[in-house]
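# Summary of structural features
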Amino acid sequence: MTGRRTWTMRVFLSLMVAATLLAVVSPARAQTELVLADSQSGANFQAYWQKYVIPSVKQALGINIKYLVTSDAEQIQRAKAWPP
């Protein structure tokens, strides 16, 4: 595997583990939506997430992912302040 593909798989697996833990730890209050702010990736990686990863997570776990592409530090800070 290439370095980028290995990194992509690690991120995807980490996201799947985190989403599964959210569902297992608190099934009554399980999160159904995650916001992912991407400020570092290029256009190909962003397209890959939107075309493959997000639909796979939704199908496998029933969790919606809002994929926010931004390079604006202010937007990232606003996203951190969103209520749970």
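So, a few notes on the structure that sits alongside this text. Remember, it's a predicted structure, so these values are computed and weren't measured experimentally.

## Things to note about the side chain of Gln46
- Along the chain, Gln46 falls in helix H2 (residues 43-61).
- Given the relative accessible area of 16%, Gln46 is considered buried.

## Considerations on the packing of aromatic side chains
- Scanning the model with the defined rule gives three aromatic pairs in all.
- Here the aromatic rings of Phe45 and Trp49 are separated by 6.0 Å at their centres, their planes lie at 55°, and the arrangement is tilted. Taken together, the residues Phe45 and Trp49, both in helix H2 and four residues apart, mark about one turn of the helix.
- Given the relative accessible area of 2%, Trp49 is considered buried.

## A short note on the pairing of strand E2 (residues 64-69)
- Inspection of the sheet shows strand E1 (residues 33-38) paired to E2 by six bridges, in the parallel sense. Looking at the pairing, Ala37 lines up with Leu68 of E2.
- In the classification by handedness, the crossover that spans E1, the intervening H2 and the parallel E2 is right-handed.

## As for the environment of Lys66
- Tracing the backbone through its elements, the reader meets Lys66 in strand E2.
- The partly exposed category is assigned to Lys66, whose relative accessible area is 45%.
- Sequence separation of Lys66 and Leu34 is 32 residues, and the distance between their C-alpha atoms is 6.2 Å.
- Discounting chain neighbours no more than four positions away, the residues touching Lys66 are Glu33, Leu34, Val35 and Leu36.

Conventions and cut-offs
- Residues numbered from 1 in each chain as written.
- Predicted model: local features only at pLDDT ≥ 70, side-chain atom pairs only at ≥ 80, totals over all residues.
- Heavy atoms only, no water.
- Helix = DSSP H or I, 4+ residues; strand = E, 2+ residues; numbered from the N terminus.
- Buried < 20%, exposed > 50% of the residue type's maximum accessible area, 1.4 Å probe, protein only.
- Phe/Tyr/Trp six-rings, centres within 6.5 Å; stacked < 30°, edge-to-face > 60°.
- Pairing = 2+ DSSP bridges.
- Right-handed = clockwise from strand over helix to strand, strands pointing away.
- Contact = heavy atoms within 4.5 Å.

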